[in-house]
Amino acid sequence: MAVIVVLLVAVAATALVLQAQNDSQRDARNRSLAAAEAFAQAPGLEQALRSPDPTALLQPRAEAARRASGLDFVAVMNVQGIRYTDPLPSLIGKRASGNIARAAAGESFTEVFHGEPSDAVRAVVPVRAADGTVIGLVGTGIEIQNVGNAVQDQLPLLLGAAAGALIVGTAGTALVTKRLRRQTRGLGPVELSRMNEHHEAVLHAVREGVLIIGADGRLQLANDEARRLLDLPPEAEQQPVGRLGLPPAIGGLLASGRTATDEVHLAGDRLLAVNVRATQYRGEHTGTVATLRDSTELAALAGRSEVARSRLQLLYDAGVRIGTTLDVVRTAEELSEVAVPRFADFVTVELLDPVLRGEEPSGSHTEMRRTALCGVRPDPPLQPVGDLIRFVVPSTPMAAALELGRAVHEADLTTAPGWMAQDPEGAAEALAYGIHSLIAVPLQARGVVLGMANFWRADTPDAYGEEDLSFAEELAARAGVSIDNARRFTREHTMAVTLQRSLLPRVLPEQNAVEVAYRYLPAKAGVGGDWFDVIPLPGARVALVVGDVVGHGLHAAATMGRLRTAVHNFSTLDLPPEELLGHLDELVGRIDMDQAEAREGPGITGATCLYAVYDPASGQCSVARAGHPGPALVHPDGRVEFPEVPAGLPLGLGGMPYESAVLELAEASRLVLFTDGLLEDRDRDLESGLGLLHGALSRAGRSPEETCVDVLDALLFPAPSDDIALLVAGTRLLASDQVAEWEVRADPAEVSRVRNAASAQLTQWGLDEVAFTSELILSELITNAIRYGAEPIRVRLLRDRVLTCEVWDSSSTAPHLRYAASTDEGGRGLFLVAQMAERWGTRYTGRGKVIWAELALTGAAAAAPVVPGLAGLSLDDLEDLAW
C-alpha cells in the first residue's frame, strides 16, 4: 500500500507538472497568436510594407508591441521570410528559420520551434492586402526557457505538496492498514471488487473520453465517453488501433504515439480536441494515454463570436468611410462599397429626387432614383444607376420596409411573389443570375425617409436571416445621417452659388477696346468671394477688374457683391487705378470698423483686388493691385511675361498708398487676370502654378476663349479648394482714321478754326447727323478751356460705338454744372453740354484735366435736342456763353 501511495503521489505530481507545462505552452501559443493577428491587422501596416524602407517604419512599432504584450520577439517579414524587424538588430535582413510556407500560403499557425536563434513557442500570421493577397508575415513568440520558467516556479510548491502528500499518505496508509488489518484481519475479494467498481464508475462518469493503448498498439481501455465520441464497437478493447474504424486522422495520431495537445480533428459531425501522452516505466515505453473532448459547441460559439467581431469591424469601417465628402451621390456610393462583399454581394441605393437636388424630401416614396450600385461582379441584372425605380406592388420587401419604417428581408426570393410581380422579367433574370436573398431597409434621418438601400446575395450561399436585420438597420442609419448632412450642404451650397452668380456679371457690356472671355468656378468646399468685371469707360477705354474676398459661404459672396458695387461706383469718377484702390481701401476699412462696433460678425479685411484701365487709342494699360496676384501678358508672337506691378497691401489694412504700372500693349496681345485659386491648392504652391500657367499661355494665335480652355486644362484641380476667376482680354487698337486731334492756342479765334476742322472730319466719317451738336459742344468746351484753362490745350474726336469729344488743358480747375437765371449773361455752357450729350464728365490727369462728352452716332438719339432759350442762336453766338 505504501508503494501504491508513492505511485499515486508521483503520478499526481507528474500530472500536475505536465498539466502546468501544457498550460504554459498553451498560454504562450494563445498570447503569441493573438499578438501576431493584432499586429497583422494594424492600420497602416500595408502602407509600411509597401514603403521604400519598411524597417524604419515598423521596427519602432514592433518593439513597442513586443514590450506591451510581454513577448520575447515580434518580427515582421516578407513572404520569403526575410526579417524587416527583430529585437536583435543583427537578424534584420536575414531569413527566419523554420518552415513558414503555411503562413506564406495564407494560413496562421502556432508551433514549438527548435532552432536558431533560440527555441520558442511561436505564431506566424500572414499580412493581407486590401485585395486579400499575402504581402508579408508577422511572427511572435516566447522562448522555451521563459515558458519553462513558469513551470519551474511552481516546482517547489508541487514537490512540497507531493512530499507532504507522500508523508501524509504513507502515515495514513500505515494507520489504515493497521486498522483494516485489526478490523478485517486482511483484505478479501469482495472489498477488492468493490474498489474496482468504484474505479470503473469514476472512469466512465467523466465527460472526457479516455483511451489507454498498450505498447503493442492495442486498445487496453476506453471509457464510455470515448466509445460514444468515436462510436467504438463493444469488443474494441484488446483490438489493434488500426482495426477500430477510427477516422484516419485520429487513428494515425493514436498509432504514431506522438505527443499532441488540443489537436482538433473531425469525427463524424463532431470536432474533437485530442491530447496524447506516452507512458513509460523505468525508461521503457509502456503505452499511450489519449483524452478526447467534444469542442463542437465551442467551435460554433467561436464562429458566432467571429461573425459578431466582423460585423463590429464593418460598422467601424462604415463610420470611417461613409460621409467622407459632402456629396449626396458619393455618400450613397460609399455605403454600397462598404457593404460589398463583407455583408452583401450586391448593393443598390435609391434616393428621392429632391434629396439629390439638396431639397427637403417630399413627394411619393414609391418613386426613387437609383444612385449607386456596387457588386462582386460587374454585370448584375439590376437596373443601372440613373433609372427611376418604382415600388408599385405593396407586398414587395421595399414597399413593406417603407411602410414599416424598418428593415425587411426575403430569405428566399424564389418564394417572394410580391417581388416577382413587381418586375417579372427582371426577377426571372435575377434568379437565373443567382440572386437568392434580399434585405431592404429605408434610409432615414430625423424620422424622414431619404431613400432605400437593398442588400442582395448571389455568390454567398447563406440566406439572410433575422439576425442580419438589426445590422442592416444600423448600417443604413449611419448612411442616412451622412446623406442628410450632404443634402443640407448641397442646399446651402446651391443657395450660396445662386447668390454669388446673381452678383457676378451676367452679360458683359458691349465695348470695342478688348475681346473678353472669362471663367468662374466655385470651390467644392463652399462658395467664395472671387469676382471679375469689365467696365466701359469714357474715351473708348475699358476697366478690367478681378478681386478676391477671403473666406467661403454666404458672407463672402455678399461681401463680394458690396465690393463689386463699390468698384462700379468709383469707376464712374474716372479715377486712375491707384486712386480707385485707395478709395476702395478706405471703404473696406470703414465697413470693418462699423461691423466691429455693431458686433455683426467678421469684417472683410484681407480682400484683394486688381484694377486695370486699357486705352485702345494709345495702347497703354495702367494697372494697380491691392494684395492680388499680378497679371500675365501674352504678346502676339506667343511670348509670355509676368510684368512687374507694384504690390499693395490687401484692402482694409490701410497705411500705404497704392502705385500703378503702365504697360504698352500691342494689338492682339492677351492680358490675363486671375485669382490665386487658379494657381494654389493644398498640393501645389504659387511658383509651381505660375510655371504651369506660363506653359498654358505660350501658344500664339489663340483667341481669349481658347486661352481660357488652355489654362483650365492645365491648371484646374479635380476638386478645387478655392474659387477660380479667370479673365482674358484680347487687346484692340483704334485705327488712325478713328481718331482726330488738334492743338489749340489760347486765342478765341481758334474756336472757329477747330470747329470747322471738326465739321470736315465728321463729314469725312459720314456723321453729318451729329455735326451740328458736335460743333456746338466743341465750341462750348474749347471756349471755356481758353477762358479758364491753361495751355497746352488739345482737342480730340474718337469714333467708336459713340462719338467722344475731348478737350484737354493743363488746369485742374473743376467745372460745375449750374442753372443760370434768365437775367444771367453766362453760366449756361455746361448746362448746354449736358443737354446735348448722351454723357459728359471730367477726368483728371497728371498735368491737368479732360472734359469729355459722348454722342450717339445714328438714329433718333443723334438728333439735336431743342434747348429752351437757345433757339435761333448761331454757333458764333454760342461762343460767348460762359460756364
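What this report covers is the structure whose coordinates are included nearby. The shown structure was predicted, so the numbers you read here are calculated from the model rather than taken from an experiment.

Within the fold, Arg 83 resides in the loop between β1 (73-77) and α4 (101-104). Here Arg 83 falls in the buried class, since its relative accessible area comes to 9%. For Arg 83 and Leu 137, which are 54 residues apart along the polypeptide, the C-alpha to C-alpha distance reads 9.1 Å. Those residues in contact with Arg 83 that sit more than four places away from it in its chain are Val 76, Met 77, Leu 91, Ile 92, Gly 93, Lys 94, Arg 95, Ala 96, Ser 97 and Pro 117. At 3.5 Å, the side chain of Arg 83 forms a polar contact with the backbone oxygen of Arg 95.

The five strands are arranged β27-β28-β29-β31-β30 in an open sheet whose pairing can be described as antiparallel. Among the strands making up the open sheet, the edge pair consists of β27 (739-744) and β30 (839-845). The sheet shows a mean angle of 15 degrees between the axes of neighbouring strands, direction not considered. Alignment of β27 against strand β28 (residues 793-799), held across six bridges, turns out to be antiparallel. Bridged to Val 739 within β28 is Leu 798. The strands touched by helix α20 (residues 750-765) are β27, β28 and β29 (802-809); relative to β27, the strand with the most contacts, the crossing angle is about 170 degrees.

Along helix α8 (residues 248-256), the positions that sit buried rather than exposed are Ile 250, Gly 251, Leu 253 and Leu 254. Viewed along the axis of α8, the buried residues span an arc of 160 degrees, placing them on a single side of the element. Residues of α8 that are exposed and point more than 90 degrees away from the buried face comprise Pro 248 and Ala 255. Elements in contact with the buried residues of α8: β5 (209-214), α7 (224-230), β7 (260-267), β8 (270-281) and β9 (284-294).

What follows deals with the pattern of salt bridges. In the structure shown here, the tally under the stated rule is 42 salt bridges. For Asp 710, the salt bridge identified is with Arg 702, shortest N-O distance 2.9 Å. Taking relative accessible area as the criterion, Asp 710 reaches 10% and is therefore assigned buried. Here Arg 702 falls in the partly exposed class, since its relative accessible area comes to 23%. The partner of Glu 750 in a salt bridge is Arg 745, and the shortest N-O contact between them spans 3.0 Å.

Reading the values: the criteria
- Residues numbered from 1 in each chain as written.
- Predicted model: local features only at pLDDT ≥ 70, side-chain atom pairs only at ≥ 80, totals over all residues.
- Heavy atoms only, no water.
- Helix = DSSP H or I, 4+ residues; strand = E, 2+ residues; numbered from the N terminus.
- Buried < 20%, exposed > 50% of the residue type's maximum accessible area, 1.4 Å probe, protein only.
- Contact = heavy atoms within 4.5 Å.
- Polar contact = N/O pair within 3.5 Å; in protein donor to acceptor, adjacent residues only side chain to side chain.
- Pairing = 2+ DSSP bridges.
- Axes fitted to C-alpha atoms, helices over the stretch in contact; angles between N-to-C directions.
- Arc of directions from axis to C-beta.
- Salt bridge = Lys/Arg side-chain N within 4 Å of Asp/Glu carboxyl O.

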